Amino acid sequence: MNRVLILVNITGLIIGISYGLHGPILPVFAKNIIGATYSELGLIGLTNFIPYMFIPLFVGILLDRINNGYLLSLGAAINSASIYLLSIAQSVPEIMGFRIMTGIAHAFFWPPCEAIISNKSSEENRVKHISWFTMFFVIGFMVGPLLGTVFLEGLDITYRILFQIAAFILAAAIISSLLASRKSVKKHHERFSFSSIKEMKRFPEVIILLIFCTSSFGIILTIYPAFLNDNGMSATDILLLYFVFGISRVVSLAFAGKFARNTSQTLIAGTIAVSIGLAISIVADSIITFGIAIVLMGFGFSIFFPLTLEIILSKTSKKISGKIIGAYETVFGMGWAIGPTIGGPMTQTFGNEAPYLIFCIIGIGIAIFAIKVRKKLEPQKILN
């Protein structure tokens, strides 16, 4: 594998470890230590993801102009600082402010990595390389919760110290990012435009599936840990469940290349898996049943990313690949923001199970829709 791709994968692994170490614990910290309500947890999730609705568009334009490794390094630095600041947060507004920083930083992490991989890959191995990168990130996200259980149970440290450790781990990604920047990518000096938004309009079916997937994913990342805690799961149980979540995602991504041979069928299966996982969550009463639910959702969430991106990139010229990646990630940001925005108040008003029931029903409808438009959910070869 190309040296730059190896460095990008290492960067993804490091950042994944940091995310897995602090991410599942943050909602529990906000609820139990700061005193946040479910509505406030939704707002925290919204502030984390709302920058991702806009910033990737501008990052996508920069990707065709500036060394992608430099952008990646900037993202790692901002991200590390934002996580460290969580350790001194004393109120919900402070957490929200620091999560805005995290959302901005994430826009300088994922799109540059995708752009580097796309530029260093042929059409034949692009899905494989993107899947490998995502898998390294998810492996890190899987290892992070295990480290968290060691720190919380074995060393008996506080949540705040855990955030500081996660920040220092993420800071190591600055080094691998700078090393990757030494091998600059080809840049296209085009004028500033929003042509990528027009390009994304060509893929309404993909956008609909992505919005459902990312909205559900946003709830699982921001509200689900507190939901688990209210259903008798301890902090260690939650971290172990997210470790299992990571295993499911890694296994799914390992077979992404084979799944790509039947893209539309796999996306339909992923939608159904997420819906079933949400349904099981409503009636789950033990770590085993929650584990089954999270395994199903892990498959669905993970397989969506490389396959939907391949559909779009395979039908788009490489000359605007950076911009289209930025627009694609903006759709992710929209979904991630919608999930917590709806899920938090819905939980507060109608009860803990409400968002999972509603999104389960929506998922069934999306699966039926995907079956009807399956021919449009297949990638194709183009001449760049």
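Everything numeric in this text was worked out from a predicted model, so none of it was measured.

Criteria and thresholds
- Residues numbered from 1 in each chain as written.
- Predicted model: local features only at pLDDT ≥ 70, side-chain atom pairs only at ≥ 80, totals over all residues.
- Heavy atoms only, no water.
- Helix = DSSP H or I, 4+ residues; strand = E, 2+ residues; numbered from the N terminus.
- Rg over C-alpha atoms; globule rule 2.2 N^0.38 Å.
- Buried < 20%, exposed > 50% of the residue type's maximum accessible area, 1.4 Å probe, protein only.
- Axes fitted to C-alpha atoms, helices over the stretch in contact; angles between N-to-C directions.
- Parallel < 35°, antiparallel > 145°, perpendicular 65-115°, else oblique.
- Left-handed = near helix turned anticlockwise from the far one by under 90°.
- Contact = heavy atoms within 4.5 Å.
- Nonpolar A, V, L, I, M, F, W, Y, C, P; charged D, E, K, R; others polar.
- Lys, Arg positive; Asp, Glu negative; His and termini not counted.
- Salt bridge = Lys/Arg side-chain N within 4 Å of Asp/Glu carboxyl O.
- Polar contact = N/O pair within 3.5 Å; in protein donor to acceptor, adjacent residues only side chain to side chain.
- Core = buried A, V, L, I, M, F, W, Y, C linked by side-chain atoms within 4.5 Å.

A. Representation of the overall build of the chain. In terms of regular secondary structure, the chain is built from 19 helices and zero strands. Compactness check: the chain gives a C-alpha radius of gyration of 19 Å against a globular reference of 21 Å for 384 residues, within 12% of the reference. For the chain, the C-alpha atoms occupy an extent of roughly 55 × 45 × 35 Å along the three principal directions. Across the 384 residues in the chain, those meeting the buried criterion constitute 59%.

B. Spotlight on the packing of helix α16 (residues 263-283) against helix α19 (residues 354-372). Axis separation between α16 and α19 bottoms out at 8 Å; the angle between their running directions is 160°. By the angle between their directions, the pair α16 and α19 is classed as roughly antiparallel. Like other packed secondary-structure pairs, α16 and α19 cross with a definite hand, here left-handed. Taken together, the residues of α19 that come into contact with α16 (itself represented by I268, T271, I272, S275, L278, A279 and I282) are Y356, L357, F359, C360, G363, I364, I366, A367, A370 and I371. Residue composition of the contact of α16 with α19, grouped by class: 14 nonpolar, three polar and no charged.

C. Just the side chain of R249, in detail. Structurally, R249 can be placed in helix α14 (residues 235-254). At 11 Å, E114 is the nearest oppositely charged side chain to R249, a buried residue that forms no salt bridge. In this structure the side chain of R249 is engaged in a polar contact, spanning 2.9 Å, whose partner is the side chain of S302. Those residues in contact with R249 that lie beyond four places of it in its chain are V138, F141, F217, G298 and S302.

D. How the structure looks around the nonpolar core. In this structure, I95, I220, Y224 and Y242 are the most contacted members of the largest nonpolar core, which totals 115 residues. Looking at this core element by element, the count peaks at 13 residues for helix α17 (residues 287-314). Sequence-distant contacts of Y224, that is, excluding residues within four places in its chain, are made with I219, Y242, S281, F290, A293, I294, M297 and Y356.

Nothing here speaks to function; it is all geometry.
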